[in-house]
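Residues per chain, in single letters:
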Amino acid sequence: MVGKIALVLAAAVVCAPVTAVAAAADPVPPVMAALGDSISAGFNACGWYVPCTSRSWSSGDDAGVNSHYLRMLAIDPAVKGHNLNFAVPGSTSAELAAQAEKAVAAKAAYVTILIGAQDACAGEESRMTPVPTYRARVERALAVLAPTGAKVFAASIPDIKRLWRLGKDSVVARSFWAIGHICPAMLARASSAAKKDRARRDRVRERVRDYNEALAEACAAYGPGCRTDGGAVFAYPFTLDEVSKWDFFHPNADGQQALARATFKAGFPWDPGTLTSEPLASGRQGR
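Rules used throughout
Residues numbered from 1 in each chain as written. Predicted model: local features only at pLDDT ≥ 70, side-chain atom pairs only at ≥ 80, totals over all residues. Heavy atoms only, no water. Helix = DSSP H or I, 4+ residues; strand = E, 2+ residues; numbered from the N terminus. Expected span 1.5 Å × (residues − 1). Buried < 20%, exposed > 50% of the residue type's maximum accessible area, 1.4 Å probe, protein only. Axes fitted to C-alpha atoms, helices over the stretch in contact; angles between N-to-C directions. Parallel < 35°, antiparallel > 145°, perpendicular 65-115°, else oblique. Contact = heavy atoms within 4.5 Å. Nonpolar A, V, L, I, M, F, W, Y, C, P; charged D, E, K, R; others polar. Phe/Tyr/Trp six-rings, centres within 6.5 Å; stacked < 30°, edge-to-face > 60°. Lys NZ or Arg CZ within 6 Å of the ring centre and 35° of its normal. Polar contact = N/O pair within 3.5 Å; in protein donor to acceptor, adjacent residues only side chain to side chain. Salt bridge = Lys/Arg side-chain N within 4 Å of Asp/Glu carboxyl O.

So, on to helix H9 (residues 195–222). Under the 1.5 Å per step criterion, the end-to-end length of H9 is 41 Å for 28 residues, consistent within 8% with the ideal 40 Å. Turning to H9, its buried residues are Asp 197, Arg 200, Arg 201, Val 204, Val 208, Tyr 211, Asn 212, Ala 214, Leu 215, Ala 218, Cys 219 and Tyr 222. A positive backbone phi angle near 110° is found at Gly 223, which sits one or two residues after H9.

A few words on the packing of helix H2 (residues 68–75) against helix H11 (residues 253–264). Between H2 and H11, the shortest axis-to-axis distance is 9 Å and the interhelical angle comes to 60°. The pairing of H2 with H11 is recorded here as oblique in orientation. Along the contact surface, H2 presents His 68, Arg 71 and Met 72, while H11 presents Ala 260, Arg 261, Thr 263 and Phe 264. In terms of residue class, the contact of H2 with H11 is made up of 3 nonpolar, 2 polar and 2 charged.

Between two aromatic rings, the relevant description is the distance of the centres plus the angle of the planes. One pass over the full model with this rule turns up 8 aromatic pairs. On the basis of an interplanar angle of 90° and a centroid distance of 5.7 Å, the ring pair of Phe 43 and Tyr 49 is categorised as edge-to-face. Using a relative accessible area of 12% as the deciding quantity, one classes Phe 43 as buried. Given the relative accessible area of 36%, Tyr 49 is considered partly exposed. With 5.1 Å between their ring centres and 80° between their planes, Tyr 110 and Trp 270 make a pair best called edge-to-face. Pair noted here: Tyr 110 is in strand E4 (residues 110–114) and Trp 270 is in strand E7 (residues 270–271), with a separation of 160 residues, a long-range link. Accessibility classification places Tyr 110 together with Trp 270 in one group, the buried group. Sitting over the face of the ring of Phe 238, Arg 162 holds its NZ or CZ atom 5.5 Å from the ring centroid.

Looking now at the side chain of Asp 159. Looking at the element boundaries, Asp 159 is found in the loop between strand E5 (151–154) and helix H6 (160–167). Engagement of the side chain of Asp 159 in a polar contact is seen with the backbone nitrogen of Lys 161, the distance being 3.1 Å. Within the structure, Asp 159 has its side chain in polar contact with the side chain of Arg 205 (distance 3.1 Å). Ignoring sequence-local partners within four residues, the contact set of Asp 159 consists of Arg 205, Phe 234 and Phe 238.

Right, let's talk about the pattern of salt bridges for a bit. The final tally for this structure, using the stated rule, is 12 salt bridges. Between Asp 119 and Arg 137 there is a salt bridge whose closest N-O contact spans 3.6 Å. Separated by 18 residues along the polypeptide, Asp 119 in helix H4 (residues 117–120) and Arg 137 in helix H5 (residues 131–145) bring together distant segments of the chain. The partner of Asp 202 in a salt bridge is Lys 161, with the nearest N and O atoms 2.4 Å apart. A residue pair is termed long-range when its members are at least 10 positions apart, and Asp 202 in helix H9 and Lys 161 in helix H6 qualify at 41 residues. For Asp 202, a relative accessible area of 40% puts it in the partly exposed group. Each of Arg 135, Glu 139 and Glu 217 takes part in salt bridges that share partners, so that together they form one network.

Here is the structure:
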């Protein structure tokens, strides 16, 4: 009898971890949607100053990027064609709730969010979105999604100061930033080493860090249905080779691929299985 009990206990110990792993996995969602700004819209990733959603790190269908959508498609082909992209270039956190409403209307069960670069990239430092306002806007968008039970992945905002550091010695990059009026709060007077400009850049970077912290807190309040990248995008050591040569700001195809790789591994463990509902919408893709 003792031997039989020991055998049962040993079997329970061996099987328990397997059961826990299986329970932690989620079915691949029938519809997914990308929310955010120009980064998630794939702006300048394949054309001159146009969105290129096919190369979005989130919902794109370009094999070279290997987006979240394509990684999920490799697990369950039933999600094919149901990759929506509601991200709009130039959007700030103020537009996020409206995008979330579109995702709800499309019955998206998985939503990615990357928002905040434009909140920091104001025309002047003083016009950056206050952190409490940013958090309230993110919370409002999550409140729109919450009743649907959608899984949400929130990516951190990239380190804009790293971009300045990489491009400040390039005449071409500085010219694009100045002529295009790109992210003046950080990139204005890019070659200046004046104390006031150094301090300004540090404050803008700190504001981005504060946004990322607020985003993580809002995600935690949403519950286990929301995950963040743990700051992976902000910490990613990108190079100028991963930035569009049309503006020296947005990720190119290689940059979008890097975003997909860095974020997907921090997301949900999707499990191959039967979808709980029939896909109801088709993806809007750009080329």
